[in-house]
Amino acid sequence: MYKHMKKTENAYLTVYLSLVFGIVLSLLFALIEGAAIGAVRAQAELVADLGLDSVFAEYNQEILNQYELFFIDSSYGTSTGGIGMVEQHLTDYMNCNMDPQKDLARIRGKTLLKLKNPYLETEAVAYASDENAMVWKAQAVSYMKAAYGGDIISRVQEYIDTVQGNELTQRDVPSEILQQKEEFEEALMQNNIIEYGAESEEGFSYQKVSGLFDELIGGGLLLLILPNGNRVSGAVAEGGPYFSSRMKNGKINKGTGVHEGTDRPDGVVDELIYGEYLMKMCGCYRKPKETGLLQYQIEYILYGQNSDAANFRSSVERLYGLRAAANFTSICTDSAKKSEVSVVSKIICTLLGVPQLNETLTTIILGIWALAESVVDVRTLLEGGKIPLMKNGSDWSICLSHLFLGDLLGGGKKTSGLSYQDYMRVFLGMMNKNEKAARSLDIVEMDIRQTPGNDSFRIDRCIDYLKVNFGFEDAAGHDFVFRKSMCYGH
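A few points about the packing of helix 10 (residues 268-281) against helix 16 (residues 420-430)
Thinking step 1. Taken N-terminus to C-terminus, the directions of helix 10 and helix 16 make an angle of 135°; their axes are 9 Å apart at the nearest point. Comparing the axis directions of helix 10 and helix 16 gives the class oblique. Helix-helix and strand crossings are classified by hand; for helix 10 and helix 16 the assignment is right-handed. Residues Leu272, Gly275, Glu276 and Met279 of helix 10 touch helix 16, and the partners they reach there are Gln421, Met424, Arg425, Leu428 and Gly429.
Thinking step 2. Of the residues in the contact of helix 10 with helix 16, the class split is 4 nonpolar, 3 polar and 2 charged.

What follows is the structure, given as structure tokens:
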């Protein structure tokens, strides 16, 4: 009886343990299945991350070397490009990472997860040229903010305020003086005065005044201004069409623009920072970029001509116009100089017999003096000197007696004020921002195309940001779908 009861009890425990063990096994299998699914998902996300990392590691080296920015060139050195080539590179990297042992010389090496990637779609892509180059500018401005302080930006803003406050870019002093000169000579004709050669004992005559004006606004201005021995680059931009031309014709790639989380560089300060970035990366007359297709790149951005010579001429003419307006404004408020000129004007008007025209002639001579001073100013800037925006009496290089002697050499190089590059900063800060951005991308294309393997480089194929939808599948048929994005840090 005792033995029978003991056997019954043992059978009861066996059944109990069998039931418990079945539950434990079910739980264990569920945990194993969950762990397997989790491992596959983790590998899938890791594969996607590594794939994107690998694609973004293929940034264009020349853009980094010359412009300190990171962009994927989706053409990879070929004549065509687009998001399809980037997706192919991404797929290749993911295939390698899904089965890392397949390329290794290992016997029976295999993966148990057998992960596959049947679905890959790019949801968003940002090209450097999107939104009038806003994507390119975002990286450039971020780089400048990280690398440099803001002192020079505040100074450039002060210069621009001075220019705009005095309306220096709105005045055409040569035309103003020409109109005064024509009115003066018309009045002389009405008084039957046609001979201007009468000269005072001091050497003053209207004939000299008229001759000086013709010299200062004539076609030989560049020869008059250009320092002796200085040569102008003969570089010409060939090999286009470049970005700005393609953009006008609507033949550029377009992406989704500046992505979320990026500061849009569309404020006044950001434009000044971008101008400083261009001054750092691009050449100009005073600091030409010898390796560029064009050496005077800042001048190209400002004026858009296809040769250094044409852009340089435009730069000189604009500098001359600005300096003429600034000097004329300054001299007309200088009572000492006005009195000095008034005396000379009275002498000449007395010789001509038209004392009533003294005020008109005074204005003409003041204008010619300002124009002559402007010639010296621009020459000084081209030689590496500095000229203040608004001058006081001690800043002037030419005195009235030297003016009538035809001495336009000035008083030597100035060391205070704005340099040639500073005036370029002012012009960039006042420029239409869309034209500035487009032409700056022209320069990038010109420069990069000069380097080996980049003959067909296009900035509108260069990528800064990707958002990609992924679909993975494991050996058991489980699907894993998720979205990932990546960009170069701003």
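Following the structure, the description resumes.
Remarks on the layout of surface pockets
Thinking step 1. If you add up the space inside the largest pocket, you get close to 350 Å³.
Thinking step 2. Together, 20 residues line the largest pocket, and Ser244, Ser245, Lys248, Tyr300 and Asp442 are the ones closest to its centre.
Thinking step 3. Elements that contribute at least two residues to the lining of the largest pocket include exactly helix 9 (243-248), helix 11 (297-303) and helix 17 (433-449).
Thinking step 4. Looking at the lining of the largest pocket, the element that brings in the most residues is helix 17, giving 6 residues.

Topic: the nonpolar core
Thinking step 1. Trp136, Tyr277, Ile298 and Ile348 are the most contacted members of the largest nonpolar core, which has 120 residues in total.
Thinking step 2. Sorting elements by how many residues they give to this core places helix 14 (residues 358-382) first, with 14 residues.
Thinking step 3. The residues touching Ile298, leaving out its near neighbours within four places in the chain, are Leu278, Met279, Cys282, Gly283, Cys284, Met424 and Leu428.
Thinking step 4. Core analysis: the next-biggest nonpolar cluster, separate from the first, contains 23 residues, Met94, Ile463, Phe470 and Tyr488 among them.

What about helix 3 (residues 83-98)?
Thinking step 1. Taking 1.5 Å of rise per residue, the 16 residues of helix 3 would be expected to cover 22 Å, and the 22 Å separating its terminal C-alpha atoms lies within 8% of that figure.
Thinking step 2. What helix 3 keeps buried is the set Val86, Leu90, Met94 and Met98. What you see down the axis of helix 3 is that its buried residues fit within an arc of 105°, all on one side.

Concerning empty space enclosed by the protein
Thinking step 1. Counted by the stated rule, this structure contains 1 cavity of 30 Å³ or more.
Thinking step 2. Looking at the largest cavity, its volume works out to about 50 Å³.
Thinking step 3. Forming the walls of the largest cavity are Ile153, Val156, Glu271, Leu272, Gly275, Glu276, Arg425, Leu428 and Gly429.
Thinking step 4. Residue assignment for the lining of the largest cavity shows that the elements contributing at least two residues are helix 5 (151-165), helix 10 and helix 16.
Thinking step 5. At 4 residues, helix 10 tops the list of elements feeding residues into the lining of the largest cavity.
Thinking step 6. Taken together, the residues of the lining of the largest cavity break down into 4 nonpolar, 2 polar and 3 charged.

Considerations on the side chain of Arg461
Thinking step 1. Considering the arrangement of structural elements, one finds Arg461 in the loop between helix 17 and strand 3 (462-473).
Thinking step 2. Among buried Asp, Glu, Lys and Arg side chains, Arg461 stands out as unpaired, with Asp460 the closest opposite charge at 5.8 Å.
Thinking step 3. Within the structure, the side chain of Arg461 is placed 3.4 Å from the backbone oxygen of Ser456, a separation counted as a polar contact.
Thinking step 4. Non-local contacts of Arg461, meaning those with residues more than four positions away in its chain, are made with Ile72, Asp73, Ser74, Ser75, Thr78, Ser79, Thr80, Gly81, Tyr127, Asn253 and Ser456.

Things to note about the pattern of salt bridges
Thinking step 1. Here the structure, examined in full by the defined rule, presents 25 salt bridges.
Thinking step 2. Here Lys484 and Asp49 are joined by a salt bridge, their closest N and O atoms 3.2 Å apart. Residue Lys484 is found in strand 4 (residues 479-487), and its partner Asp49 is found in helix 1 (residues 2-56); the two are separated by 435 residues along the sequence.
Thinking step 3. By relative accessible area, which is 15% here, Lys484 ends up buried.
Thinking step 4. Exposure remark for Asp49: the relative accessible area of 29% places this residue in the partly exposed category.
Thinking step 5. The residue Arg483 makes a salt bridge to Glu123 at a minimum N-O spacing of 2.6 Å. With Arg483 in strand 4 and Glu123 in strand 2 (residues 116-127), the pair connects residues that are 360 residues apart, well separated along the chain.
Thinking step 6. On the basis of relative accessibility, which here comes to 52%, the residue Arg483 falls in the exposed class.
Thinking step 7. Beyond isolated ion pairs, a larger network of salt bridges with shared partners links Arg246, Glu445, Arg449, Arg458 and Asp460.

Here is what the cut-offs are and how they apply
- Residues numbered from 1 in each chain as written.
- Predicted model: local features only at pLDDT ≥ 70, side-chain atom pairs only at ≥ 80, totals over all residues.
- Heavy atoms only, no water.
- Axes fitted to C-alpha atoms, helices over the stretch in contact; angles between N-to-C directions.
- Helix = DSSP H or I, 4+ residues; strand = E, 2+ residues; numbered from the N terminus.
- Parallel < 35°, antiparallel > 145°, perpendicular 65-115°, else oblique.
- Left-handed = near helix turned anticlockwise from the far one by under 90°.
- Contact = heavy atoms within 4.5 Å.
- Nonpolar A, V, L, I, M, F, W, Y, C, P; charged D, E, K, R; others polar.
- 1 Å grid on protein atoms, 1.4 Å probe; cavity = no way out; pocket = protein on both sides within 12 Å on 5 of 7 lines; lining within 4 Å.
- Points joined across faces, edges and corners; volume = space filled by probe spheres on them.
- Core = buried A, V, L, I, M, F, W, Y, C linked by side-chain atoms within 4.5 Å.
- Buried < 20%, exposed > 50% of the residue type's maximum accessible area, 1.4 Å probe, protein only.
- Expected span 1.5 Å × (residues − 1).
- Arc of directions from axis to C-beta.
- Lys, Arg positive; Asp, Glu negative; His and termini not counted.
- Salt bridge = Lys/Arg side-chain N within 4 Å of Asp/Glu carboxyl O.
- Polar contact = N/O pair within 3.5 Å; in protein donor to acceptor, adjacent residues only side chain to side chain.

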